[in-house]
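Each chain, letter by letter, is given below.
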Amino acid sequence: LPAHQRRALKNLQRRSERLRILPADKGNSIVVLSNHQYDLKMQEHIGEGPYSLLKKDPTPTLPSKLDRVLKKLLNDKKISKAFYDQARNLHPRAPQMYGTPKIHKKGIPIRPIVSFYNTPLIALHKVLAHYLKPLTCSPPRLRDSRHFLECLRSASPDTYTYPCSLDVKALYTSCDMTLARISVRSKFLAQPDLLPANISPSAMDTLIEFCLSNSYFEYDNCFYAQNKGGPMGSPLTVELAEIRVAEVETPAFNTSPDPPSLYMHFVDDGFVKFRDRNHAETYLEFVNSLSTDLTYTLGPTDPFPSSTFFCTATSAPVFIENPPILTNTRITPRQPHRTLKTP
């Protein structure tokens, strides 16, 4: 942030301890809102989401529960001793949910994120996510923004002059992780060489199911189970969601009677080129007909607002600007004073 904006934030913090200063979900922006507003948005999401209140904290008993499952797999020679040691995390804490405001959406809802740092299943999630990587290499998947630019530059000119975003609505909470798990199991059974020797396909299936059935978090000293989808913040959820998205989008692109000329996606955001709006809406209807859990939405590729300073505590903009997007400079999130030049 520029120096005058940093000074403004510090002044706000000194004036009131009842304010929260948060990064926006998108757009390299800062949002200021009251603790009461933040709590209302979080409680609204939890109340409407696929969650149920737990009577007590599962954290003290979950490590021993996991240990019993791992020991059985170890005794059955379905995992190795090295895997057993890798998948355990001693002295854990409960996963914590927090939210980032979506200032690009009407009503400024909250994007829920679960911090998995030092939680009971974080080690297992990381190991399983690593083994799922080979299954997520679908052709439309983008690695990063540099890859996106390379794909755009290499695309041949055509008559498809209507670029659109094709995004999945609430991917992590709506994605059917059971279907993703079944897909993983069938792929590993068909190609067991994709897995290392220290774990069997049936053990992968058992452990993924264990992670999904023991998904929970803490917010405001209350504990909630997640009954559908997976928590955003888990490395395992990201890979399972990617597998499920590819399972819908790849057949859609290959079997559509009138596909777009270009399709790329990164997690739940897609970039597509159509002939016109009617072509886009027809393809959208076709994609949504292929899935019962994922819902796709269509929108124009508008520039993201950048350097936006929005104060929801007073429901008024403090500082808003929308300059042209710079494609040759990227500000790194951890070191905003440094930039990375792209060719």
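Residues numbered from 1 in each chain as written. Predicted model: local features only at pLDDT ≥ 70, side-chain atom pairs only at ≥ 80, totals over all residues. Heavy atoms only, no water.

### Notes on the overall build of the protein
Next up, step 1: When its secondary structure is counted, the protein shows eleven helices and 15 strands.
Next up, step 2: Residues counted as buried form 44% of the 343 residues belonging to the protein.
Next up, step 3: The contacts of the protein with a sequence gap of at least 6 include a subset with a gap of at least 24, amounting to 71%.
Next up, step 4: About 18800 Å² of surface is accessible on the protein, with carbon and sulfur atoms providing 55% of the total. (Helix = DSSP H or I, 4+ residues; strand = E, 2+ residues; numbered from the N terminus. Buried < 20%, exposed > 50% of the residue type's maximum accessible area, 1.4 Å probe, protein only. Contact = heavy atoms within 4.5 Å. Areas by Shrake-Rupley, 256 points an atom, 1.4 Å probe, with all protein chains shown as cover.)

### Brief notes about the packing of helix α8 (residues 177–190) against helix α10 (residues 235–255)
The relative placement of two packed helices comes down to the angle between their axes together with the axis-to-axis distance.
Next up, step 1: Here α8 crosses α10 at 85°, and the two axes come no closer than 9 Å. In terms of orientation, α8 and α10 fall into the roughly perpendicular class. In this structure, α8 uses Met 177, Leu 179, Ala 180, Ser 183, Val 184 and Lys 187 to contact α10, whose residues at the interface are Thr 237, Leu 240, Ala 241, Ile 243, Arg 244 and Glu 247.
Next up, step 2: Of the residues in the contact of α8 with α10, the class split is seven nonpolar, two polar and three charged. (Axes fitted to C-alpha atoms, helices over the stretch in contact; angles between N-to-C directions. Parallel < 35°, antiparallel > 145°, perpendicular 65-115°, else oblique. Nonpolar A, V, L, I, M, F, W, Y, C, P; charged D, E, K, R; others polar.)

### A closer look at the confidence of the model for the protein
Next up, step 1: Per-residue confidence for the protein gives a mean pLDDT of 83; residues scoring 70 or more make up 86%.
Next up, step 2: Contacts from residues 302–343, a stretch scored under 50 in pLDDT, to residues over four places away or in other chains number 75 contacts. (pLDDT = per-residue confidence, 0-100.)

### Describing a positive patch on the surface
Next up, step 1: A surface patch of like charges, here positive, comprises Arg 6, Arg 7, Lys 10 and Arg 14.
Next up, step 2: Mapped onto the elements, Arg 14 comes out in helix α1 (residues 3–15). (Patch = residues over 30% accessible without salt bridge, like charges linked within 9 Å, V, L, I, M, F, W, Y side chains within 5 Å. Salt bridge = Lys/Arg side-chain N within 4 Å of Asp/Glu carboxyl O. Lys, Arg positive; Asp, Glu negative; His and termini not counted. Charge placed at Lys NZ, Arg CZ, Asp CG, Glu CD.)

### As for helix α11 (residues 277–288)
Next up, step 1: The terminal C-alpha atoms of α11 lie 17 Å apart, and with twelve residues this matches the ideal 16 Å at 1.5 Å per residue to within 8%.
Next up, step 2: If you check which residues of α11 are buried, you get His 279, Ala 280, Tyr 283, Leu 284 and Val 287. For α11, the arc enclosing every buried residue in end-on projection is 135°, short of the 170-degree limit, so these residues lie on one face. Counted as exposed and oriented over 90 degrees from the buried face of α11: Asn 278, Thr 282 and Glu 285.
Next up, step 3: The N-terminus of α11 is capped by Asp 276, whose side-chain oxygen sits 3.2 Å from the backbone nitrogen of Asn 278. (Expected span 1.5 Å × (residues − 1). Arc of directions from axis to C-beta. Polar contact = N/O pair within 3.5 Å; in protein donor to acceptor, adjacent residues only side chain to side chain.)

### A look at the side chain of Lys 102
Next up, step 1: Mapped onto the fold, Lys 102 is located in the loop between β4 (96–101) and β5 (110–115).
Next up, step 2: When sequence neighbours within four positions are dropped, the list of residues in contact with Lys 102 reads Asp 25, Ile 108, Pro 109, Ile 110 and Arg 111.

### A closer look at unusual backbone geometry
Next up, step 1: In this structure, Lys 77 is a non-glycine residue whose phi angle is positive, near 60°.
Next up, step 2: Given the relative accessible area of 75%, Lys 77 is considered exposed.
Next up, step 3: Despite not being glycine, Asn 118 has its phi angle at roughly 55°, a positive value.
Next up, step 4: On the basis of relative accessible area, Asn 118 is assigned to the partly exposed category, the value being 28%.

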